[in-house]
Every structure is written in structure tokens, then in C-alpha cells.
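# Inside the fold
Here is how the chains run, residue by residue.
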Amino acid sequence: MIFKFPEQLRFRNYRFSSKLILVYLLLSVIPMSLLGTFSYLQYTKSIEEQIGEYMPRFLYQANANITKHMEDFAELHTLMFNSDNMIAILRRDSYQSRSQLNQDQFEVNNYLARTYLNTGNPDVMGVFIFSKNRFFYSARSKFTGLNADNAFIPYGQDLDLRGKAKIILPSQINLTFENNEPYVLIMKQMNDVDNRKSLATMLVAVKLSFIDNILREFEQNNTADLWLMNREGEIIFHTDEEKIGGFDEEINRYPIFNGSFRKGSGKKAVIVSLSESNDFDWILAHSIPLKYLTERTDLVMNVTIFVFICFVLITSIISIFFAMNVTRPIKKLSRLMKDVEMGRFQVDLKVESNDEIGALARSFNSMVATIHELIETNFDIKIRQKEAELYALQSQINPHFMYNTLETINMAVEDGRSEMVVEMVTLLGRMLRFSVSNKNKFVAIADEVQHISNYLTIQKYRFNDRLLFEIDKKTDIESFYTPKFILQPVIENAIKYGLETRKALDIRLSISREFGARSGEEDIVFRIWDNGPGIDHDRLEKLERSLRSETLAHKDSGFGLSNVNARIMIMLGQQYGVQLHSIFGKGTEVIIRIPVITLNDVAEKSKSKEE
């Protein structure tokens, strides 16, 4: 079964601040940790290798020095040949009296004391000579375990060492000095060259302190162990005196006797170096715990770890602060977007920075403001459209208009003018259907013109010769569109105010395409001219201010013109709208300018509205 990572633990589902912190850890802390660990391990390995290469050379040199000293001690027997008297004594095979033997022993012992103990050999503890069942000696301190009874093989004069010195360990002999001072015995055969006979066997007891002095010249680290042992593992010398005479139990597990190797692991790891002597068949060993070799490195590492932890803590705090600082505006942005989704547009994401977050905040504020403005504009358009529709509907069904129209129809019925009745009813029905059936904001210019034509025709039936109208179509009105109900309010005003002062009112409507200075293009222009009373200067200024006013509240007169102007500017742009030209006493011209709107334009506007 393939392991499936929990969905909530996937990186893509982490919070943004968590992602920033995690990325920081991945890119900085982990590489630095790995680099520090790798550097420490490499440095430790380098120290281990250096010690492994250096110590065998040191041990080899120390071994050579110890060997030289031992050889010097082994040659001490030659001093006996400097005295003919001593040689003569050693050549004697028998004594005629005990006193003569005692006399020889006294002389030899004194010679040994003078020659070996009192002439600058502080490391010599004692000198012992076995010669033809005789035992001569001189020692710096009292001793036991060695006397004339030991004058037999292998310590007797018959032992054949073939000119070589032999090391005798305390474990191989019963000799014990006062205070149990450690020593080794160097045994050397004394031969009478003239007679080619063996004269005696000399044993020189040497303090082990000379080995310690030699080793201390090379190694002054008290944490290291140095010891000298034979091939059986018996320890001849050890920097820890308590181990002298003991055994190195692991000698048989040592992989090499000349070189270095690592023993143990972790904190118990030690570097063991060995050097084997070919002259005396012993092994000089050095052991030091690895932790002492890397003591300074460990100190540097501990300081580095402390600094690294401080660095990680400080940078983590900075990272968290940075992540929170970055994500706080985003969280606020998310919260504000939910408010916007709920329709609350009065939000403001305040971010003072000039970085991407600040740019995002400014874009968000601008976007919300634009959406709010668009919504308000669209809402305003809808309100004005509904107001216009309501205004038109009210005009059509207002009691006065309906009463006058129905009265006209009634009179026509009484007069038997059935064709007129049929036409008026038909026109009224078309007007009502146009008002209530078409829900679009835009209608074909032909439909709008037909609607106003129906209205004027009905009014013509009412006022007969008092009302004249003419509609001049100077362009193709079938292919272009216009906002709905932009003509009827203007025509109504003309009829209302014109018939009050004129016996006959002439109204002319022309539709043409003219170049617009503000739009820079050809526009559709509706010109509604009447020969009414006109508008005086003050009234004209008031109407123009009313056209520029954005609110329709508390408006009574001129409501229709303001509504038409506002809807055109909102729907089509500020460069379009209504203009008034009037000469008091002569008439008024209302110019309605809109762009050329095709069916595709209407479809795009409807699509943008849906989006």
C-alpha cells in the first residue's frame, strides 16, 4: 500500500507565514547546521589522522632513545675490565680460606659501589655479579630475593648470552628493593677474552624513571597513557605506576604493532599508537582519548553552537516578525475581501510600505473603490431608469392624460368617428406596451421615435389644429440604438408650456448624425424645436444648473430633462447629454446628443453588466 501524505500536512496547504518560516529554516538553518557538523567531523578526522601519523614516529624515536640507554647500561660491565685486580678476582676458581673469599667480595663490592653507584649513574639502583658460585653486589637500598643461592643458570656465569644483553623483569625474579621501587634488570655476560672463558654474569638494576624522562621529552600531555610492554602484554613501564607489572589484556586484539588505530567509539574512543622494538622485543604504546585531542575543537564547536543557537533564535524571531509583518496585511486583505463579498465596501486597507504588499493594498483599495463606484453608478442608472420609466408611465396613465385621452375617445365615439377611436385606442395600447414590455435600457431609435410619434398623434387628436409636429429622420434610425424614454419628457414640456401661451404649437423633431467636438466622432443628435414662449434668462440658468445636478430629489419642474441628461451621462459618458437653447418669446430648442450605438455595442454593454 502506497503511503499517502496527509492533506493537511502538504506544503501547499500551510499558512503563508508558516511557509515563509519553513523556507527560512530550509534555506538557512539546515544548511548551516549541516555545514557546521560536516566541518567539525572533517576537522576531528583530520586531527585523528595527524595524531595517527605523528605518534608512531614519536614512539619510534622514543623507542630508539630507550634502546640506546639500555645499551649504555648493558655496556657498564666493561668498566670491570679497567681494573686488573677485579679481573684477577673474577678469574679465581677456588679459595683456600673463607677469609680470602670475604676479602675478594669486599674488594669487588667496594669497586662496584665506587664505579657504578657513586660516579654519576643515578638510574642504577644496584649491580650484581654472579661468578663461579660467588655473588658480588652493591645497591643503593636494601633488597631481598637475590643472593649467592641464585648463582646458577640462567644467572650463573655459564649462561651463554652470545654477547647480547637481556632484560629481566621483576616478575621473572624475586628481587625486591626497599619501597618496591620499579626496575628492570639488564643482564650481560662478562667474558675473559684472553682465556676465552666466561668470567661472570652482571645484572644491573635500573630505575624506570629514565624511561619516564625520555617519554616526557616527547609527550607532556597528562591525559595520555604511555607504557612499555613485552609481547606477552606484561607492562614494564607505565605512566601510571600502579599498572607496572600488570598486563595489557587487549594486546592480542591489537591489529598492528607499528602504527595507530582507533579503539572504541563515542566519548570512549581513544587513539592507540604502537611502536615495536627489534632489539629488546618490547612494544612502546601510547593511548590518548579522542575527546582530549578535540578538546579545543569541541570548545570552538560549543561556542559555535551557542552562537549558532543565538543566531537561529534571533533570526527566527526576525523571520517570524517579518513573516507576520508580511502576512498581517494579507490577512487583513482577506478579511476585508470577505466584507466586500458581503457588500460592505466601506473598507480601507492601510499599508504605508512601497513594496509589493503596499502596491497590492493600493490596488485593492482602488479596485474596491472602483467596484463601489460602478455599483453605485449602476444602481444610480437603474434608479434613474426606473424613475424615467415611472415618469413615462405616470405620464401615460396619469389621471389628467388618461382622462383627456379617454374624453377625446368618448367624444369621437359620440361623433361616430370610429376610425379615430380605433386609432387612438391602438396608439394608447402601443404606448402602454412599449412602456411595460421592453425591459432593456436601450431600444432602437426607430422604436423610441415611434413611441413619441404615437404620443404626439394622440395629443394631435386632442388639440387638433393647435398642435403641429414633424419628425425628420435624416439618418438610418433602424440600425442604431438609444437609451429608452429620452424624448417623451422633452416633448411633454414643449406641449405643456407651449399650449399655455400659444394658440398653435409647432413641434419639430429631427434625428441626424453630426460631428461632436467633445467626443471627436460622429454622434446621433436629436433636436426638438418648438415655437413656444421660450425660457427667460434666469429660468434658463436654473434649468442648466438642474441639468448639472446629480440628484433628482426635491425636483418638480424640469425633472424630465434632468433625468434624461443624467441617464445619458451615466450610461454613455460625460461628453453626451442634453443642451438647451432658448430665445424668450420665440421658442426653445433641446438638443440630445448620444454616440452611435449599434446592436453589438448593446450586446457588449449587456455582457459587461452581467460580468
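Residues numbered from 1 in each chain as written. Predicted model: local features only at pLDDT ≥ 70, side-chain atom pairs only at ≥ 80, totals over all residues. Heavy atoms only, no water.

Scanning the chain for helices and strands turns up 14 helices and 19 strands. Taking the intrachain contacts of the chain between residues at least 6 apart in sequence as the baseline, contacts between residues at least 24 apart amount to 63%. Element-wise, carbon and sulfur atoms account for 53% of the exposed surface of the chain, whose accessible area totals about 34800 Å². (Helix = DSSP H or I, 4+ residues; strand = E, 2+ residues; numbered from the N terminus. Contact = heavy atoms within 4.5 Å. Areas by Shrake-Rupley, 256 points an atom, 1.4 Å probe, with all protein chains shown as cover.)

Moving on to the packing of aromatic side chains. Pairs of aromatic rings are described using the distance from one ring centre to the other and the angle between the two planes. Applying the stated criterion to the full structure yields twelve aromatic pairs. Their ring planes at 75° and their centres at 4.9 Å tell us that F128 and F143 sit as a pair that is edge-to-face. Placement of the pair is F128 in strand β1 (residues 124-131) and F143 in strand β3 (residues 143-144), with a sequence separation of 15 residues. Its relative accessible area of 0% is what places F128 among the buried residues. Lying across the ring of F434, K484 places its NZ or CZ 5.4 Å from the centre. (Phe/Tyr/Trp six-rings, centres within 6.5 Å; stacked < 30°, edge-to-face > 60°. Buried < 20%, exposed > 50% of the residue type's maximum accessible area, 1.4 Å probe, protein only. Lys NZ or Arg CZ within 6 Å of the ring centre and 35° of its normal.)

With that settled, the discussion passes to the pairing of strand β8 (residues 225-230). For β8, the tally of buried residues reaches five of six residues, placing the bulk of the element in the interior. Relative to strand β9 (residues 235-238), β8 runs antiparallel, the two sharing three bridges. The residue bridging L228 from the neighbouring strand is F237, located in β9. What sits between the antiparallel neighbours β8 and β9 is a turn of four residues, in which G233 has the positive phi angle 95°. (Pairing = 2+ DSSP bridges.)

The next point concerns helix α2 (residues 84-91). When α2 is considered as a whole, its buried residues turn out to be M86, I87, I89 and L90. Looking straight down α2, one finds that the buried residues subtend no more than 160° of arc, so they occupy a single side. Taken together, the buried residues of α2 touch α3 (98-117), β1, β2 (134-139), β6 (183-192) and β7 (197-207). (Arc of directions from axis to C-beta.)

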